Amino acid sequence: RNWSGLKSIPILVTYNVKDYREAISRCLTPSDSVLEVGCHCGTTTAVISKLCQKVVGIDKSEYRLSQARERCADASGTLQFHVIDAFDIQAIRKLGEFTVLFVDISGNAKLEKLLPLLNAYERAIKPRLMVVKNHKLADLYKNMMWIEEYCEKSKAGSTT
């Protein structure tokens with residue numbers, strides 16, 4: 001579908017950690033600057049840092065970030081960790097510009113919490129791509145279809 005004037009940022013929706021991390025090798029380039037929102041103890045952030053120029057991980061837990069810093073002690077200077085809440089857009093903007101966002105604010109965060117956050121990132125950060133790990137969003141996407149598709153399936157006797 002192509003709606004005139006709509007300039008959305010692509011959002012890759014992943015259901016699990018395996019798919020979330022697969023997006024690293026398939027979607028990132030060495031010139032990307034990446035922000036991982038909800039980096040927890042830095043496992044995915046460390047993998048991203050092996051490929052990209054600038055990588056920043058944020059999490060609201062100082063304890064988890066201390067684990068991340070310890071895990072990534074040998075990483076190059078292009079990897080940083082900051083205690084910032086995912087919803088603090090102003091603090092995130094102060095970190096600089098990012099071409100890609102990886103977002104994992106609990107794989108089962110409610111959509112009414114996640115969707116406004118993604119919208120805020122799209123407006124404030126303007127990355128070229130967002131990769132989001134969320135079960136509910138993945139399930140929603142899996143069940144979506146265009147009206148034409150639904151009507152065709154209805155005619156064929158199968159709407160599931």
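Below or above, wherever it landed, is the structure these notes cover. Positions within a chain are numbered from 1, following the residues in the order the chain's sequence is written. Owing to the predicted nature of the model, reporting of local features is limited to residues with pLDDT of at least 70; listing and counting of side-chain atom pairs is limited to 80 or more, with chain, interface and lining totals taken over all residues. The side-chain numbers reported here are obtained from all heavy atoms of the structure, hydrogens and water having been left aside.

### Side note on the packing of aromatic side chains
We apply this condition: Here is the rule: rings of Phe, Tyr and Trp (six-membered ring for Trp) pair when centre to centre is within 6.5 Å. Planes less than 30 degrees apart are stacked, more than 60 are edge-to-face, and the remainder are tilted. Here a strand is any run of E in DSSP of at least two residues, a helix any run of H or I of at least four, and the numbering for each starts at the N terminus. Buried residues are those whose accessible area, probed at 1.4 Å on protein chains only, stays under 20% of the maximum for their type, while exposed residues exceed 50% and partly exposed ones sit between those limits. Should the NZ of a Lys or the CZ of an Arg lie within 6 Å of a ring centre and within 35 degrees of the ring normal, that charge is described as sitting over the ring.
Within the structure shown, the criterion is met by one aromatic pair. Aromatic pair Tyr20 and Phe102: ring centres 5.3 Å apart, planes at 75 degrees, arrangement edge-to-face. You can see Tyr20 sitting in helix 1 (residues 17-27) and its partner Phe102 sitting in strand 5 (residues 100-103), a full 82 residues away along the chain. For the pair Tyr20 and Phe102, one class covers both residues: buried. Seen from the ring of Phe98, Lys54 lies directly overhead, with NZ or CZ sitting 4.5 Å from the centre.

### Side note on the sheet that holds strand 2 (residues 33-37)
We count it as follows: Strand pairing follows a simple DSSP-based rule, namely that at least 2 bridges must link the two strands. Axes here mean lines fitted to C-alpha atoms, for a helix over just the part in contact, with angles spanning 0 to 180 degrees between N-to-C directions. Whether two residues are in contact is decided by their heavy atoms: any pair within 4.5 Å suffices.
The parallel open sheet is built from six strands, whose spatial order is 1-6-5-2-3-4. Single-partner strands in this sheet number two, and they are strand 1 (11-14) and strand 4 (79-83). Along the sheet, successive strands turn relative to each other by an average axial angle of 15 degrees, direction set aside. By the bridge criterion, four bridges tie strand 5 to strand 6 (residues 129-133) in an arrangement that is parallel. What sits directly across from Val103, in strand 6, is Val132. Together, strand 1, strand 2, strand 5 and strand 6 form the strand contacts of helix 1, whose direction differs from that of strand 6 by roughly 160 degrees.

### Section: a nonpolar patch on the surface
Here is the rule we go by: Like-charged residues are merged into a patch within 9 Å and nonpolar side chains (Val, Leu, Ile, Met, Phe, Trp, Tyr) within 5 Å, provided each residue has over 30% relative accessible area and no salt bridge. Every accessible area reported is derived by Shrake-Rupley at a probe size of 1.4 Å, with residue values counting cover from the shown protein chains alone. Whenever Lys or Arg places a side-chain nitrogen within 4 Å of a carboxyl oxygen from Asp or Glu, that contact is recorded as a salt bridge.
A cluster of nonpolar side chains, namely Leu140, Tyr141 and Met144, defines an oily patch on the protein surface of about 350 Å² accessible area. Of the residues examined, Leu140 reaches a relative accessible area of 38% and is grouped as partly exposed.

Note that every value here comes from positions in space, so none of it alone points to a role or purpose.
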